[in-house]
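# Observations on the model geometry
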Amino acid sequence: MKRAKTQGTTMLLQKCLWLVLALLMCAIAAQPVGLQSQAMLGVVGLTAMFCIYLLKLGGTFRLIMVSIGGLLIFRYIWWRATSTLPPTDELANFIPGVMLLAAEIYSVSMLAINLFIVSDPIDRKAAPLPKDKGQWPSIDVYVPTYNEPTDLLSATLAAAANMEYPDDKIEIYLLDDGGTHEKRTASDPRARAAALARHEELKALCADFGVQYLTRAENKSAKAGNLNAAFPRTKGDLILVLDADHAPVQDFLLQTAGFFFQNDRLFLVQTPHSFVNPDPLERNLDTFERMPAENEMFYSMVQRGLDKWNASFFCGSAALLSRKALASVGGFSGKSITEDCETALNLHAKGWESVYLDQPLIAGLQPETFASFIGQRTRWCQGMLQIFLFERPLLKRGLTLGQRIGYTSSGLFWLFPFARLTFMLAPVLYILFGLQIFEANLQEFLAFTTVFMAANVILQNHLYGTLRWPWISEIYEYIQSIHLLGAIGSVLLRPGAPSFKVTDKGLSVEREHLSNLAWPFIAFFGLIAVTTGFAFWRLFTGGPVDELLAVVAVWATFNLVIAGVALGVVVERPELRSGYRLPSERPALVRLGDTKAKAHIEDCGLGGLSIRVPQVGEISLPEKGDLIPVAFAMHRAGTQAASLQLRLTHVDCSAKGLTLAGSFEQLSAADYRAMADLMYPTAARFNAMRNARRAGRSITFGSALVFRWFIIHPLRALRAILQWRPSEKAVEPTFLRPQAGPSRADFSTHDFNALVAELHNG
């Protein structure tokens, strides 16, 4: 009790400190100073920030950096609001001028809220469970599914079945919303037949994996309704929710369940969504293996910051929830189409608490195509705005100040398309139509705007440099803004209209082509290119230099670069591999002809694996098309070795040894568990993969890289336009369906046991 009071007092003091700091900053920002004094303030402030940035100073210097940057940014906004708006009697200039100022105020406000949220992010470690396993809570694992292919479900169910936890305290449920009674009795004979076939197929799949199959009568309230239908039919103390494409590592429960012993008011332990395949920007710009993922900013900074304020929220998957807490609010909330955040909001309002553990404990799939990516973001955008409109978190009773700010930020964030498109179109209004929406001379621009932009870039690169490269946020925002604008308008006009749509996953792209959603980006690029060219033509042929036109021309050039890079994102690169591969340095034995050889499995995926035999010796070399068995020890303690059969597609013998790669032909449920053991052993592997991508990049490097993309990708887009064919679609790659029985051909029982013994002895 005493400790809780101390923590409460500390939190109150922190809130007071932030309030005093904000008021002081606003007071200083509003002080009138001359142009020369403002320029000097900017130079001194930027110099201090740049020194902290170069020296990578943390701790107290983090607060100093935020304070200086905030002061310079707020001075700019004060100057913009009081000195740069067009006269009110010139409506053609005044209205777009106010819109531009509103976009800037929105962006600065979101930055300020974000700085408040991430002021002191928590870095939690896993919570140990009691030594007495009899005290461990019982756990239900929910895997909701709608239309995902069985191979994808097999990988997730296999990984869930491999989790380390007492067998008598865990039950896995596949919640099938594609085979409901409503769908199995549909009037459309094709839909009815498909639902019946899926129903029987998934029941057989669950029997093979030893998990429970559940479905329901009607498809009401989408995913929330599916979860709620299972809720009264299960009885575990805790519920682990996994999306159909989210395969957990074996120590997921060992790292998360212990938190519930530390706090009896805990309703949630959320972990990050980590992905093993690139999103469209990462694939089409070829950045996946070297650049931090887009969601790193949210999961490794924002959620950790929200955790400080007891405001980290449920993200729909990779989360452990308390049954008792869910029962207190009637289960999962379903008013919005983002049931996860809405559920967390209602539980926080009832006084329940949450924890965020920044450990990558699942391997998920991102949308492969740009169209499916936009579809996913549309649902997130509309759902979060629904929560903002329906629940009104700023006014909701029961929330703390930090929670109110956190949930409000999550809703307001999705209004970024208005700001981003305003910034893209404002130069067009000035250059092509002569609208005076920003009244300032070159000296004022340098003293205020340049300082503001430099402070913003330095501040964000210092705080988030290892999680987000320079200018990547601008690109991600732009590629979403055009299509999200209509989605925002529809939810503002009719908040209850949007419906839940499942994001397509597991697609492949057969050849390089333009996305069907690419044409607005081509039109925008053309408009901005014409605008920029016209601006520079006027500068070089119009007599005396127009200072403001020169400034706007530079602004238009920046927009042109962003729009040019976006063209690379909407040109889909081919991705034909049937499934992703994950590295796996696992010792193995292979049979090649009549001989056995020690080997290492280098990587494994749903489609196949590759192995390396370091010492060839007298081995008879295999050929493409040969079927070879591969035996290896399972990672999970207490389990035996397993074997998989590989149809060779690649054979290479060099000084480094023999490298073999191939695909699987026949898989049982046991084989899927063996693959899952290779692919998803512990969090350590995914931590290593995540850390390898967290190489911070300087502002200079980031700028040079984006400019390089600007040179390359419009040419790719031009080639795709010239080769365009209508109705280009992504297709589902052909994976393997689980087969009944073991697949140990070429291994007698005695032979296989001998290989197992040799593995354990070696």
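Rules used in this analysis
Residues numbered from 1 in each chain as written. Predicted model: local features only at pLDDT ≥ 70, side-chain atom pairs only at ≥ 80, totals over all residues. Heavy atoms only, no water. Helix = DSSP H or I, 4+ residues; strand = E, 2+ residues; numbered from the N terminus. Buried < 20%, exposed > 50% of the residue type's maximum accessible area, 1.4 Å probe, protein only. Contact = heavy atoms within 4.5 Å. Areas by Shrake-Rupley, 256 points an atom, 1.4 Å probe, with all protein chains shown as cover. Salt bridge = Lys/Arg side-chain N within 4 Å of Asp/Glu carboxyl O. Patch = residues over 30% accessible without salt bridge, like charges linked within 9 Å, V, L, I, M, F, W, Y side chains within 5 Å. Pairing = 2+ DSSP bridges. Axes fitted to C-alpha atoms, helices over the stretch in contact; angles between N-to-C directions. pLDDT = per-residue confidence, 0-100. Expected span 1.5 Å × (residues − 1). Arc of directions from axis to C-beta.

## Structural notes on the overall build of the protein
Helix and strand counts for the protein come out as 25 helices and 17 strands. Here the protein holds 762 residues, and 55% of them are scored as buried. In the protein, the proportion of contacts linking residues at least 24 apart, taken out of those at least 6 apart, comes to 81%. Put simply, the protein shows about 32700 Å² of open surface, and 60% of that area lies on carbon and sulfur atoms.

## So, the pattern of salt bridges
The tally for this structure, following the rule as stated, stands at 24 salt bridges. Where Arg-198 meets Asp-176, a salt bridge forms, and the shortest distance between an N and an O atom there is 3.2 Å. Here Arg-198 is found in helix α7 (residues 189–209), whereas its partner Asp-176 is found in strand β2 (residues 170–176), with 22 residues between them in sequence. This pair shows no difference in class: Arg-198 is buried, exactly as Asp-176 is. Between Arg-694 and Glu-296 there is a salt bridge, with the nearest N and O atoms lying 2.6 Å from each other. In this pair, Arg-694 sits in the loop between α23 (683–692) and α24 (699–722) while Glu-296 sits in helix α12 (residues 296–308), placing the two residues 398 residues apart along the sequence. With relative accessibility at 21%, the residue Arg-694 sits in the partly exposed group.

## Details of a nonpolar patch on the surface
On the surface, Leu-425, Leu-432, Phe-433, Leu-527, Phe-534 and Trp-537 cluster together into a nonpolar patch covering about 560 Å² of accessible area. Contributing elements (two or more residues each) for the nonpolar patch: α17 (416–433) and α20 (519–541). Structurally, the position occupied by Leu-432 is in helix α17.

## Details of the sheet that holds strand β1 (residues 139–145)
With mixed pairing, the seven strands of this open sheet are ordered in space as β3-β2-β1-β4-β7-β6-β8. The outermost strands of the open sheet, each flanked by one partner alone, are β3 (212–214) and β8 (353–356). Looking at each pair of strands side by side, their axes are set apart by 20° on average, direction ignored. As paired strands, β2 and β3 are joined by three bridges and run parallel to one another.

## Brief notes about the sheet that holds strand β16 (residues 641–654)
With antiparallel pairing, six strands are arranged side by side around a closed barrel as β12-β13-β14-β17-β16-β15. Strand-to-strand, the axes of this sheet are offset by a mean angle of 45°, without reference to chain direction. One ladder, built from 10 bridges, connects strand β12 (residues 581–592) with strand β13 (residues 595–605); its direction is antiparallel. Directly across from Arg-581, in β13, lies its bridge partner Gly-605.

## As for the confidence of the model for the protein
Detailed reading of the predicted model is not advised wherever pLDDT is low. Summary statistics for the protein give a mean pLDDT of 88 and a share of 88% for residues scoring 70 or more. Here residues 731–747 scores under 50 on pLDDT; set against residues more than four positions off or in separate chains, the count is 56 contacts.

## Considering α7
Compared with the 30 Å implied by 1.5 Å per residue over 21 residues, the 30 Å span of α7 between its first and last C-alpha is a close match. Restricting attention to buried positions, one finds in α7 the residues Ala-195, Arg-198, His-199, Leu-202, Leu-205, Cys-206 and Phe-209. Each buried residue of α7 lies within a common arc of 140° when the element is viewed along its axis, so the set occupies one face. Looking at α7, the residues exposed on the side facing more than 90 degrees away from the buried face are Pro-189, Arg-190 and Ala-207.

## What about the pairing of strand β4 (residues 238–241)?
The two faces of β4 match: Leu-238 and Leu-240 on one face and Ile-239 and Val-241 on the other face are all buried. Across four bridges, β1 lies against β4 in parallel orientation. Looking across to β4, one finds that Asp-140 is bridged to Ile-239. Judged from the four bridges that link them, β4 and strand β7 (residues 319–322) form a sheet pairing that is antiparallel. The residue bridging Ile-239 from the neighbouring strand is Leu-321, located in β7.

## Examining the environment of Ile-479
Within the secondary structure, Ile-479 sits in helix α19 (residues 472–493). Given the relative accessible area of 0%, Ile-479 is considered buried. C-alpha of Ile-479 to C-alpha of Ile-562: the two residues are 83 residues apart in sequence and 9.3 Å apart in space.

## With respect to helix α14 (residues 339–349)
In an α-helix there are 3.6 residues to a turn, and that puts residues three or four apart on one side. For α14, the buried fraction is high: 11 of the 11 residues fall into the buried class. Glu-339, Asp-340, Cys-341, Glu-342, Thr-343, Ala-344, Leu-345, Asn-346, Leu-347, His-348 and Ala-349 are the residues of α14 that are buried. Turning to α14, the residues buried within the fold contact α8 (222–230), β6 (266–270), α13 (323–328), β8, α15 (370–391) and α16 (401–412). Just downstream of α14, Gly-351 is the residue with a positive phi angle, here 90°.

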